[in-house]
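Structural overview for review
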Amino acid sequence: MNITEIQVDGYEKVAVCKDQDSGLHAIIAVHDTTLGPALGGMRMLDYASEEEAMTDVLRLSRGMTYKSAVADTGLGGGKSVIIGDPKKLKSEALFLAMGRFVESFGGKYITAEDMNIGIPDLETVGRETKYVTGLSRESGSSGNPSPYTAHGCLVGVLATAEAAFGSADITGKHVVVQGVGAVGGALAILLKEQGAKVTICDINAKRVAELAAEHGFDVVEEDEHLDVECDIYAPCARGAGVNDETIPRLKCKVIAGCANNVLAEERHGQVLREKGILYAPDYVINAGGIINVSVEVSEGGYNETEAMRRINNISEALRQVYAISSEENIPTAEAADKLAERRLAAGKVH
Ligand code: NAD
């Protein structure tokens, strides 16, 4: 196994691993451990080149530093990528080699699930390193993060409603949820329980029909959901949904959903602000899953009551974000980054 460390400005440790026997070609990037060990998922993608994989892992690991700082997980930011087609290259030997690569960071990097990586893969990784989180609940780990992400998202919707409408009571408020998968589906149910009128859409017609029949949601076609007059729009499908084409169609006062990278470009945060739409920054409102996982690496191990207590703090994080945004007259996404940078600066002083 050949591990080469690469110096990257602003990153604590970046290394590339090539293992001829198993075919592993992977990168681990630790962006910042000021607030704790760097936790971030492992993804496997058929990147066109190592350069493309490097760009992705650097961007994602930096994002994890910011997400964890605002979520107050006591963790830093890192990420890992395995280069190759998951359908062709996955093997026991590959994940054992990846385990040894993770172990070579000596606990500075802690891994978890991400794109194309499942619990069985992580279990194999875990045979070579203890720095693995997000395994099954039966094994004492924190389990599936989605219900916790959904709960955190609900907390965030309520905090954002309070900031936008003057009350966290969403009874009678109309919410459009785009994408009712693992997180969006659970969120839609939680919103309905809070008394909201919920309209759902998804490209998976079967899932929509089942959920609507069971929970009495209204349904809209995916390509018409932006035209629905509503109070809150909850994007819970893919990223970049808020862009130059969609913004003129938006008929909501709040955007608060679980999707990652909601804004196609940073400047769209300012456009939303000018339109009077309050945007709950994605990495702040969707942090429930990482907060849940972070409890695993805290003293005493995983404990659901503690996880829920910490997830409920998403409302306080958002209040601080909205306060910074108003005081400094900046978009909320920029305010979230400022909050993260303040916490990192305070951490560096101690
Ligand atoms: P998922 O795959 O279970 O659900 C996504 C749903 O969106 C699916 O039902 C899919 O059919 C639907 N969809 C895809 N494209 C669509 C479109 N154009 N219009 C409408 N629906 C569409 O994924 P998930 O785990 O629920 O995650 C949803 C989003 O939340 C993703 O952006 C993910 O990165 C983000 N997120 C998830 C978690 C988590 O804990 N699962 C944590 C943080 C962020």
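None of the values given here were measured: they were computed from a predicted structure.

So, about the domain arrangement of the protein. Partitioning the protein into structural domains gives domain 1 (2-63 + 78-132) and domain 2 (146-286 + 317-341). The C-alpha centroid of domain 2 is placed 31 Å from the C-alpha centroid of domain 1.

Within the secondary structure, Thr-246 sits in the loop between strand E10 (232-235) and strand E11 (254-255). Residue Thr-246 is classed as buried on the basis of its relative accessible area, which comes to 12%. A distance of 2.8 Å separates a polar atom in the side chain of Thr-246 from the backbone nitrogen of Asn-243.

Here the structure, examined in full by the defined rule, presents 2 aromatic pairs. Plain terms: the ring middles of Phe-101 and Phe-105 are 6.0 Å apart, the flat faces sit at 75° to each other, and that makes the pair edge-to-face. According to the relative accessible area criterion, Phe-105 is buried, its value standing at 5%. Note on Phe-105 and Tyr-109: the rings are 6.5 Å apart at their centroids and 70° apart in plane angle, and the pair reads as edge-to-face. Here Tyr-109 falls in the buried class, since its relative accessible area comes to 0%.

Turning our attention to the sheet that holds strand E4 (residues 38-45). Strand order in this open sheet of 6 strands is E1-E2-E3-E5-E4-E6, and the pairing throughout is mixed. Both edges of this open sheet fall to strand E1 (2-6) and strand E6 (109-113), since each of them pairs with a single strand only. On average, each strand axis in the sheet is inclined to that of its neighbour by 25°, with strand direction left out of account. Note: E4 against E6, 5 bridges, orientation parallel. Looking at E6, one finds that Gly-41 is bridged to Ala-112.

A few words on the packing of helix H5 (residues 146-165) against helix H6 (residues 182-193). It is at 8 Å that the axes of H5 and H6 come closest, and there the two elements cross at 45°. By the criterion of interaxial angle, the relationship of H5 to H6 is oblique. Considering how the two elements wind past one another, H5 and H6 form a crossing that is right-handed. Contacts from Ser-146, Thr-149, Ala-150, His-151, Cys-153, Leu-154 and Val-157 of H5 reach H6 at Ala-182, Val-183, Ala-186, Leu-187, Leu-190 and Leu-191. Split by residue class, the contact of H5 with H6 holds 10 nonpolar, 3 polar and no charged.

Parameters at a glance
- Residues numbered from 1 in each chain as written.
- Predicted model: local features only at pLDDT ≥ 70, side-chain atom pairs only at ≥ 80, totals over all residues.
- Heavy atoms only, no water.
- Domains from an automatic or database assignment.
- Helix = DSSP H or I, 4+ residues; strand = E, 2+ residues; numbered from the N terminus.
- Buried < 20%, exposed > 50% of the residue type's maximum accessible area, 1.4 Å probe, protein only.
- Polar contact = N/O pair within 3.5 Å; in protein donor to acceptor, adjacent residues only side chain to side chain.
- Phe/Tyr/Trp six-rings, centres within 6.5 Å; stacked < 30°, edge-to-face > 60°.
- Pairing = 2+ DSSP bridges.
- Axes fitted to C-alpha atoms, helices over the stretch in contact; angles between N-to-C directions.
- Parallel < 35°, antiparallel > 145°, perpendicular 65-115°, else oblique.
- Left-handed = near helix turned anticlockwise from the far one by under 90°.
- Contact = heavy atoms within 4.5 Å.
- Nonpolar A, V, L, I, M, F, W, Y, C, P; charged D, E, K, R; others polar.

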